[in-house]
Structures are given as structure tokens and as C-alpha cells.
Amino acid sequence: MTNYYLAVDIGASSGRHIVGWREGGQLKTQEVYRFPNGVTEQDGHLVWDIDALLGHVKAGIEAAREKYEITSLSVDTWGVDYVLLKGDETVSPVYAYRDGRTERAIPAVHERMPFAELYRRTGIQFQPFNTIYQLYADKLAGRLDGVADFLMIPEYLMYRLTGAKAHEYTNATTGGMVSAETGAFDPAIIRALGLPEHLFRPLQQPGTVIGEYEGIKVVLCATHDTGSAVEGIPMEGDGDAPYISSGTWSLLGVKTPKPLTDEASRAANWSNEGGVGYNRYQKNIMGMWLVNRLRAELCPGKPWSEIVAEAETSGFAETVDANAPSFLAPESMKAAFDAALMEKPRTVGDYFRCAYRSLALSYKTAIEELESNTGRTYDKLYIVGGGAKNGFLNRLTEAATGKQVVALPIEATALGNLKIQMEAEA
């Protein structure tokens, strides 16, 4: 009898339901449902339509059940974002990480515990949207009053399926409050910030069965999508090679036995996030967000093949710092590029060539930091996710880094999600 598993993989711009099964010793997959996702603006803030997401999750499960008898399912999404609960009621709105509401919270957090100490304890890189700053912004706004729990987005979606509240380890680590030493929420951080201690429950590991949805087992995968993506990369003996999970963000990193929380890692803003039995030493790079927003503004609907061809034939020579804060959530991505450049691009191809070359150079810098901080050199660089399909960017990356790029245009996150479910069943 064949067992069929369902991976619900939701990114910041789209989601997909992928069924997986073993056949002849190989993992076979079929996509059964896909839907758009994105932030919406509400009262001057960027928010997620959490009810629409849940509706798509359920619709995709039904689409899967029309074709397969599903043994188990799991949900993964991006990290750091969460839902507050008062009893069974969702506290609205559900803010998106690109919203600017943490601006006042960040210095207030660092007054209570300096970032150097936070990094020593957690090993998590500074990002203005880390869960720690979002929760403190909620505290300042009075949004934590009467709150019984907070659940990261995928755990919230699975809670609505099962009624079970879970706090999954890999996703929790993205928020900047989990001890790099113990793998649990750090009580010293919670107390220093005066956050409600009852919100920070014991963390559960990938592979834990948390409940059922209409007869289907619901299992925790690595619910942070990058955690599942790293599990899904077939490295063929290069298990400790660097990787880029290339989507809205480019997550560049390597597996290490334990977190690296030294001063060099802090100074270069490297992160240590939970993996499935290992540490993910990695860095967030702005990623396909740059080109996705340029396309939406400059040439919506133009095929990517044409955009890349125009970028290849462009002779534009300047680059930008792909990780500059001005690119995080600009009203106009074109204007953000114009402001950062000495010479204004003249064609659509100029903008995209600049973006792709800037990403490749940011990968080069990150690889150099990685090798310096780990004391190792690497020959290969694995790239998975949507960005792996871009041959031009792959060639630029290979030239910039001097590494052999192994591009695998696969749904690595869904594959990792499925792999964890299958291993939990074994």
C-alpha cells in the first residue's frame, strides 16, 4: 500500500500543495493546488489576510483528497511572523514582517538588553522584523493585554485544522528569543523585556504528530520554510556544502554542528537558526524581492525569459548594496534603485542587470564571510528554489564567488517537508 503525504508550502508571494509518495525507492511528487499570497495595506500598515490563507490551506487539502488518500500533512511558511490569540479568537490585524511598526520598539529592546548580549545568547542576526521586536511593539501598543498565546503562522494554520497549539523549534529560532545553548526560549530575555512568560511554551521538534484533520495526521515539519528547504537539498555527499534557498529572500548558509555566536559572526550579521539535528549558519539576503518588485513596477506581465534576455544584453555597469534598508519595503523599487545609483538606468534591462549583478556580488561577500568565520573553504554552492531557474544569475554567481554552482530548480521546501513527514511515519 502506498502512503501519500501532503506538503502545504506557503511563501510570501504564493503557496502550493504538493503530494509526495515513495515509488521504486524514489520520492515522487505532484502539485495539486496553487494560490497567490501577498501583503495587503490596512490603516497604513502591511498585514496578512490570515483568513484567506486558512481558506486556501483547506481548499488545497480538499483538492489533494480528491486524488489521493492522504496519510499526513504539514504546513511551512516564512519565519518571524505570528498570530496573537485571546482564547480562541485571533487578534487582528496579523502584521507582516515588512511593516515598519518595530521602528520605536528596536531601541527600546536594546535598552533593556543590548544587541551584543542578545546575539551572544541567541546567535540570531539583527533584522528589524525579528519576532522579538514585533512582540515588543505589540507590548508598547497594548496588544498583548489579555493574550493567551502566540503562534507562528504555520503553527496557527495547523491549530485551526487540529485545535492543537504547537511551538515548533526551527521556526521559533528565527525570532531572536531562543537560547543557542539550550534550544529553548531564553527566560532571561523574556524577563528583561517584561513579556508575558506564559506565551513562551516548550518547543517541539520536527516530526512531532500534533493532531488530526478529518482523519489526516498533522505533523510538524521544519515549519520555517528554509529549515525544510535545507532538508530537501540532495547534496550527494556534499552534506556540508553551502546553499542558497533562493526565493523572495536568498538564504545563504551552511550546516554546522553548533551555533557560532562569536564577535566576527555578530559583526557580519550572520544568523544561527534551528535545523533538523544541526545548526543552520546563514544570512538573509534581499533576494528575488528586488526583481519581483521591479517587474511589477516596470513591466508587469512581461515573461521572465524576456526580462533576463534584456538584462544579459544590457551594458549597465553599476551595482547597489542589495541588503540596504532602502530596498526592504520601498513605495517604488525603481525609485530606490535610482536613489542608490550614480547613473540612472535608461532601459528595463539596465535595472534588472543591476539587480542581478548586485545579488551575485552580495553572494560573493557572504561566501567570503562564511569561509572566514568557519575557517573552511568550499568548492560548491547549491542553489534551490525559484531563483535556481535563472541561468543568468547562476552564471553571475559562479563568476563572482569562484564556486561551482549546482542549480537545482526543485521545490526543495516541499521536498524537505515531505521527507520529515515520511521519516515520522517510518
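In this report, we go over the structure that sits alongside the text. (Residues numbered from 1 in each chain as written. Predicted model: local features only at pLDDT ≥ 70, side-chain atom pairs only at ≥ 80, totals over all residues. Heavy atoms only, no water.)

## Quick look at the sheet that holds strand β1 (residues 4-10)
Piece 1. If you walk across this open sheet you meet the six strands as β3-β2-β1-β6-β12-β11, and the pairing is mixed. Taken across any chain shown, the strands that pair with only one partner, and hence form the sheet edges, are β3 (26-36) and β11 (209-213). When the angles between neighbouring strand axes are averaged without regard to direction, this sheet yields 25 degrees.
Piece 2. Helix α1 (residues 50-67) contacts β1, β2 (14-23), β3, β6 (70-76), β11 and β12 (216-219) of the sheet and is inclined by roughly 135 degrees relative to β3. (Pairing = 2+ DSSP bridges. Helix = DSSP H or I, 4+ residues; strand = E, 2+ residues; numbered from the N terminus. Axes fitted to C-alpha atoms, helices over the stretch in contact; angles between N-to-C directions. Contact = heavy atoms within 4.5 Å.)

## With respect to the packing of aromatic side chains
Piece 1. In total, this model carries 21 aromatic pairs according to the counting rule given.
Piece 2. Here W48 and W78 contribute two aromatic rings whose centre-to-centre distance is 4.3 Å and whose plane-to-plane angle is 35 degrees, an arrangement assigned as tilted. In this pair, W48 sits in strand β5 (residues 45-48) while W78 sits in the loop between β6 and β7 (82-86), placing the two residues 30 residues apart along the sequence. There is no split in this pair, since W48 and W78 are both buried.
Piece 3. With a centroid separation of 6.0 Å and 85 degrees between ring planes, the pair formed by Y356 and F392 is classed as edge-to-face. In this pair, Y356 is assigned in helix α13 (residues 348-374) and F392 in helix α14 (residues 391-401), connecting sequence segments 36 residues apart. Residue Y356 shares its accessibility class with F392, and that shared class is buried.
Piece 4. An aromatic cluster is defined as three or more aromatic residues linked by ring pairs; in this entry it consists of W48, W78, Y97, F129 and W249.
Piece 5. In this arrangement the basic side chain of R98 is found over the ring face of W289, its NZ or CZ atom lying 3.6 Å from the centre.
Piece 6. Positioned above the aromatic ring of Y278 is the side chain of K255, whose terminal nitrogen or guanidinium carbon lies 4.7 Å from the ring centre. (Phe/Tyr/Trp six-rings, centres within 6.5 Å; stacked < 30°, edge-to-face > 60°. Buried < 20%, exposed > 50% of the residue type's maximum accessible area, 1.4 Å probe, protein only. Lys NZ or Arg CZ within 6 Å of the ring centre and 35° of its normal.)

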